[in-house]
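# Inside the fold
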Amino acid sequence: MSAQAEEYVTEDGRKIGGVMMEMKNITLRFGGVVAIKDISFDIREGEIRAIIGPNGAGKSSMLNVISGFYNPQEGDVIFRGKKRPQMRPYKVAQQGIARTFQNIALFEGMSVLDNVMTGRLTHMKTGMFGQAMWWGKAQDEEVYNREKVEEIIDFLEIQAIRKTPVGRLPYGLKKRVELARALAAEPKLLLLDEPMAGMNVEEKEDMSRFILDVNDEFGTTIALIEHDMGVVMDLSDRVVVMDYGKKIGDGTPDEVRSNQEVIDAYLGVAHD
Amino acid sequence: MLYREAGDFKTTYVEDGQTFPIKFDRIAYYILLAVAFGVVPFIINDYWANAVLVPFLIYAVAAIGLNILVGYAGQVSLGTGGFMAVGAYACYKLMTSFPEVSILIHVVLAGVITAAVGVLFGLPSLRIKGFYLAVATLAAQFFLVWLFNKVPWFYNYSASGQISAPERTVFGIEVTGANTDAWAKYLVCLIFVTACAWLARNLTRGTTGRTWMAIRDMDIAAEIIGVNPLKAKLTAFAVSSFFVGIAGALFFAVYLGSVEVGEVFGINKSFLVLFMIIIGGLGSIFGSFAGAAFMVLMPVLLKNILVGGLGWPTDIAAHFELVIVGGLIVVFLILEPHGLAQLWRVAKEKLRLWPFPH
Ligand SMILES: Nc1ncnc2c1ncn2[C@@H]1O[C@H](COP(=O)(O)OP(=O)(O)OP(=O)(O)O)[C@@H](O)[C@H]1O
Ligand SMILES: [Mg+2]
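Since we're looking at a predicted model, the values are computed, not measured.

### Some remarks on the side chain of B:Gln141
Residue and element names in this part refer to chain B. Relative to the helices and strands, Gln-141 is located in helix 7 (residues 130–150). Given a relative accessible area of 1%, Gln-141 falls into the buried group. Reaching out from Gln-141, the side chain makes a polar contact with the backbone oxygen of Phe-265 at a distance of 2.9 Å. Excluding residues within four positions of it along the chain, Gln-141 makes contact with Leu-78, Gly-79, Thr-80, Gly-81, Gly-82, Phe-265, Gly-266, Ile-267 and Ser-270.

### Section: the packing of helix 5 (residues 80–97) of chain B against helix 6 (residues 103–122) of chain B
All names here are of chain B. Taken N-terminus to C-terminus, the directions of helix 5 and helix 6 make an angle of 135 degrees; their axes are 8 Å apart at the nearest point. When the axes of helix 5 and helix 6 are compared, the pair comes out oblique. The crossing of helix 5 and helix 6 is right-handed. Mapping the contact onto sequence places Phe-83, Val-86, Gly-87, Ala-90, Cys-91, Leu-94 and Met-95 in helix 5 and Ile-103, His-106, Val-107, Leu-109, Ala-110, Ile-113, Thr-114, Val-117, Gly-118 and Phe-121 in helix 6. Here the residues of the contact of helix 5 with helix 6 are counted per class, giving 13 nonpolar, 4 polar and no charged.

### Section: helix 1 (residues 59–66) of chain A
Side chains three or four residues apart in an α-helix point the same way, a direct result of the helix having 3.6 residues per turn. Residues and elements named next belong to chain A. Most of helix 1 is tucked away, with 7 of its 8 residues classed as buried. Among the residues of helix 1, Lys-59, Ser-61, Met-62, Leu-63, Asn-64, Val-65 and Ile-66 are the ones counted as buried. In the stretch just after helix 1, Gly-68 is the one whose phi turns positive, near 80 degrees.

### Observations regarding the domain arrangement of chain A
Residues and elements named next belong to chain A. For chain A, the domain assignment lists domain 1 (1–96 + 188–272) and domain 2 (105–186). Each partner contributes residues to the interface: domain 1 has 20 residues there, and domain 2 has 12 residues. Summing both partners gives a buried area of about 1200 Å² for domain 1 against domain 2, and 72% of it is carried by carbon and sulfur. Counting the surface domain 1 buries against domain 2, the share from its top three residues, Leu-190, Met-207 and Phe-210, is 34%. Applying the counting rule to domain 1 against domain 2 returns 2 salt bridges. Residue Asp-206 is joined to Arg-176 by a salt bridge in which the shortest nitrogen-to-oxygen separation is 3.5 Å. Summed over the shared surface of domain 1 and domain 2, the number is 2 residue pairs in polar contact (both at pLDDT 80 or more). Those elements that provide at least two residues to the side of domain 1 that touches domain 2 are helix 2 (89–94), strand 9 (189–193) and helix 7 (201–218). In terms of residue count, the dominant contributor to the side of domain 1 that touches domain 2 is helix 7 (9 residues). Among the residues forming the side of domain 1 that touches domain 2, the class breakdown is 10 nonpolar, 2 polar and 8 charged.

### What about the layout of surface pockets?
All names here are of chain B. Approximately 610 Å³ is the volume found for the second largest pocket. Tyr-59, Leu-272, Met-295, Pro-299 and Glu-321 are, among the 24 residues lining the second largest pocket, the residues nearest its centre. Contributing elements (two or more residues each) for the lining of the second largest pocket: helix 4 (46–72), helix 11 (229–256), helix 12 (261–264), helix 13 (267–280), helix 14 (285–309) and helix 15 (314–335). Counting residues per element, the lining of the second largest pocket draws most heavily on helix 13, at 6 residues. Residues of the lining of the second largest pocket, tallied by class, amount to 18 nonpolar, 3 polar and 3 charged.

### Examining the interface of chain B and chain A
On the side of chain A, 36 residues touch chain B, which itself brings 30 residues to the contact. Counting the surface lost from both chain B and chain A, the interface buries some 3000 Å², and carbon and sulfur atoms represent 66% of this. Among the residues chain B hides against chain A, the three largest losses belong to B:Tyr13, B:Arg210 and B:Ile224. Together they make up 26% of the total. In this structure, the connection of chain B to chain A is made through 2 salt bridges.

### Overview of the site of ligand 1
Residues and elements named next belong to chain A. In the neighbourhood of ligand 1, 13 residues make up the surrounding shell, with Gly-56, Lys-59, Ser-60, Ser-61 and Gln-102 lying closest. One of the side-chain N or O atoms of Asn-55 is found 3.0 Å from an oxygen atom in ligand 1. At 2.9 Å from an oxygen atom of ligand 1 is found a main-chain nitrogen or oxygen belonging to Gly-58. Relative to its free-state accessible area of 630 Å², ligand 1 is covered by the protein chains to the extent of 64%. Across the shell around ligand 1, the residue classes break down as 4 nonpolar, 7 polar and 2 charged.

Criteria and thresholds
- Residues numbered from 1 in each chain as written.
- Chains lettered and ligands numbered in written order.
- Predicted model: local features only at pLDDT ≥ 70, side-chain atom pairs only at ≥ 80, totals over all residues.
- Heavy atoms only, no water.
- Helix = DSSP H or I, 4+ residues; strand = E, 2+ residues; numbered from the N terminus.
- Buried < 20%, exposed > 50% of the residue type's maximum accessible area, 1.4 Å probe, protein only.
- Polar contact = N/O pair within 3.5 Å; in protein donor to acceptor, adjacent residues only side chain to side chain.
- Contact = heavy atoms within 4.5 Å.
- Axes fitted to C-alpha atoms, helices over the stretch in contact; angles between N-to-C directions.
- Parallel < 35°, antiparallel > 145°, perpendicular 65-115°, else oblique.
- Left-handed = near helix turned anticlockwise from the far one by under 90°.
- Nonpolar A, V, L, I, M, F, W, Y, C, P; charged D, E, K, R; others polar.
- Domains from an automatic or database assignment.
- Buried area = accessible area lost by both parts, 1.4 Å probe.
- Salt bridge = Lys/Arg side-chain N within 4 Å of Asp/Glu carboxyl O.
- 1 Å grid on protein atoms, 1.4 Å probe; cavity = no way out; pocket = protein on both sides within 12 Å on 5 of 7 lines; lining within 4 Å.
- Points joined across faces, edges and corners; volume = space filled by probe spheres on them.
- Near = heavy atom within 4 Å.
- Areas by Shrake-Rupley, 256 points an atom, 1.4 Å probe, with all protein chains shown as cover.

Next comes the structure, spelled out in structure tokens:
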């Protein structure tokens, strides 16, 4: 199985490296509810990794564990070969992990530009006194980061709305702005929780294209949750399948598609 | 000259990020500054200074401070009066302990001390939000007033329990004490307002401001994109209290000259400044000025019209004022939560497109 090789090149010529993030025997409970049961999987450098499963399977919980928002009761998160201690989410962000949310979590009172600029916080170094004076270094930093943000804005084709308050945008654009904010951090690992939920076909196509471009142009490793099977099969290099908090499948889209347990639990129920 | 954006292209991000992106606004702003510094001091009299301009300027500083905390960082505070008292008493202790040091430095130091106290009382904000935080700051308000009443060291064991500002000069000109000229009071306050507004504007348009607003709009998402909530909230309390402390110091030393803490810095003061930013506009420096101007001018106007013009008794006019303020708060909270600043913005947007609205 090609996916097990140390490093390989995909059919479309993208390089997939060694393991970047390893989830080891993760168990997460909320009181009596076991959201994740002893799950292990890994994410490799440069790949697009999908997490799928029916509603309530524990997919979002898994992303929340990766981004440090939940602390699992059992198991280890191993990032770049090192076991990650319990860590506040902002520290995780500083390690180069960015994400979007299933229910859009933008800063509604701020403009698109300011929202995306907040994405660059982990790159901001000048102190508050410099900023208060707005001199030399603080201003240079602002301009430099603005340039970076404008690149992202161009990339995602949201130039026309950059000064618009986010609260006024339609749903599809909000999703795109949220992606822009995550990308602005120049993350090593990008977590996307249902980036295409609630979108029409055209918007989904746009979003798929952006995800592929991000992976291709910036070499960003991506883990995404998605319900649309067509999208998942098209985009992802490998897929983890969850059901009731357990992992029931893991492999290339083709392998997963032909896995009987997955078909029973998920694909069969959905359609086909 | 037409009020236009067209033809005024921004070619750098520095230009795009400036405070007044429209040339007309910029010019208007410079003219305003020039008049405020170059003309007003020569024509000001005691009535205008004491009834309107000096309180307006000082309240503007306090409102900027509170707006940073409430409007930008989304942390409710009802402790403004108490923090102004900290600034006032810090300034008093500094003035009397180090008479040789400039009063200007004392005022700034009073701000720094208030910032430290603000951080201390801001600590609960790490655990509690909204209503509960408001109650916690309310407790701070009452505690601080009680403290300054109770501990004689703060008022240098004076018999009256009040604090009185000794006479101090800047470049040989008296700025505190009974014999201060109106223009000197005005100018000192104007300098502080200008500096505070400039600092606040710089902080709010940059990284720090975005961090605060991120915490305000959605604290969970803010933390996940890398905002340290502890740092964001405590810096908001610190910067806010710094400005409020400066306002308190000026209110005591320059404006009133002597202060009885419960009377001047009581809970009413907290509400007054809160009303200023609600009416003026939450999350707007301009709104802080607009709200301060409104709340200072309205009683003066009403008094002139109702008492002076229509011959109403003073107490009825005063009650009428409360009714108007109350009504306006409700109106603004419901119809225009962004206050006068937003009305102004909308008016300007209309003007920019005039006469072709599409
Ligand atoms: N904060 C929480 N407190 C209590 N229970 C929770 C919490 N978050 C998730 N759960 C429970 O954990 C389980 C998994 O939820 P999760 O949101 O991870 O599912 P999901 O796979 O993302 O589902 P969906 O496709 O609907 O988004 C559910 O039973 C949910 O009710
Ligand atoms: Mg989910």
